[in-house]
Amino acid sequence: HSYMEHYQKLLENRKINTLLEIGVLQGLSLFTWAELLPEALIVGIDIEPNCRYYQRDNIAVIIADATDKAKMEALNTLHGSFDVIIDDGSHDPSEIWMAFDTLYPLMPKGGLYIIEDLFDDDPFLLQLAEWPESTIIPCVDGCLIVMEHE
């Protein structure tokens, strides 16, 4: 999938100081974000220890499980609240929910929480739609779910 065109529209005209990506894999998206947002701190989180090798000047990689509430709260304390969070991790709805439930309330007003590869017919989407203080921004045939913190 290629969401970059949609990301450009979502992120243009926004001041982004910090971006968190859940799920690092081979680090390519971290490098892309660092190039597109050279003044921002890009933080990646993954359970695979080798992902730490993708750290650069404005890229931090944390080896942790995004479903660990205490570690996610510590991450937020360490780096401050994130302007943008992209969940491209396990794609398991229960794991997405655990990370979302911890991180979304810590976001600043106007922050974007983006979940990749979640489709319109996923029952998890109904849970998100009922979340207070948020707006779902439809995007990419439902595969890219964007929650804006109000």
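Worth saying up front: this structure is predicted, and the values here are computed from it rather than measured.

Comments concerning the pattern of salt bridges
In step 1: Evaluated as defined, the whole model comprises 1 salt bridge.
In step 2: Note that K69 and E73 form a salt bridge whose closest N and O atoms lie 3.6 Å from each other. Residue K69 and its partner E73 are both found in helix α3 (residues 69-79); the two are separated by 4 residues, about one turn of the helix.
In step 3: According to the relative accessible area criterion, K69 is partly exposed, its value standing at 46%.

Concerning helix α1 (residues 4-11)
In step 1: Residues of α1 that are buried: Y7, L10 and L11. Down the axis, α1 shows its buried residues gathered within 85° of arc, on one side only.
In step 2: Positive phi appears at N13, one or two residues downstream of α1, with a value of about 65°.

Things to note about unusual backbone geometry
In step 1: Positive phi values are uncommon outside glycine, yet N13 reaches one of about 65°.
In step 2: Summarising the element assignment, N13 is placed in the loop between α1 and β1 (18-22).
In step 3: Relative accessible area serves as the criterion here: at 79%, N13 is assigned to the exposed category.

Some words on the packing of aromatic side chains
The geometry of two aromatic rings is summed up by the distance between their centres and the angle between their planes.
In step 1: Inspection of the entire model under this criterion finds 6 aromatic pairs.
In step 2: On the numbers, 5.0 Å between centres and 90° between planes, the contact of Y7 with W33 is edge-to-face. With Y7 in helix α1 and W33 in helix α2 (residues 28-36), the pair connects residues that are 26 residues apart, well separated along the chain.
In step 3: On the basis of relative accessible area, Y7 is assigned to the buried category, the value being 3%.
In step 4: With a relative accessible area of 4%, W33 lands in the buried category.
In step 5: On the basis of an interplanar angle of 80° and a centroid distance of 6.1 Å, the ring pair of F31 and Y54 is categorised as edge-to-face. Here the residue F31 occupies a position in helix α2, and Y54 occupies one in the loop between β2 (41-46) and β3 (59-63), the gap between them amounting to 23 residues.
In step 6: Residue classification places Y54 among the partly exposed residues on the basis of a relative accessible area of 21%.
In step 7: Members of the aromatic cluster, each reached through a chain of ring pairs, are W97, F100, Y104 and Y113.

Cut-offs and rules
Residues numbered from 1 in each chain as written. Predicted model: local features only at pLDDT ≥ 70, side-chain atom pairs only at ≥ 80, totals over all residues. Heavy atoms only, no water. Salt bridge = Lys/Arg side-chain N within 4 Å of Asp/Glu carboxyl O. Helix = DSSP H or I, 4+ residues; strand = E, 2+ residues; numbered from the N terminus. Buried < 20%, exposed > 50% of the residue type's maximum accessible area, 1.4 Å probe, protein only. Arc of directions from axis to C-beta. Phe/Tyr/Trp six-rings, centres within 6.5 Å; stacked < 30°, edge-to-face > 60°.

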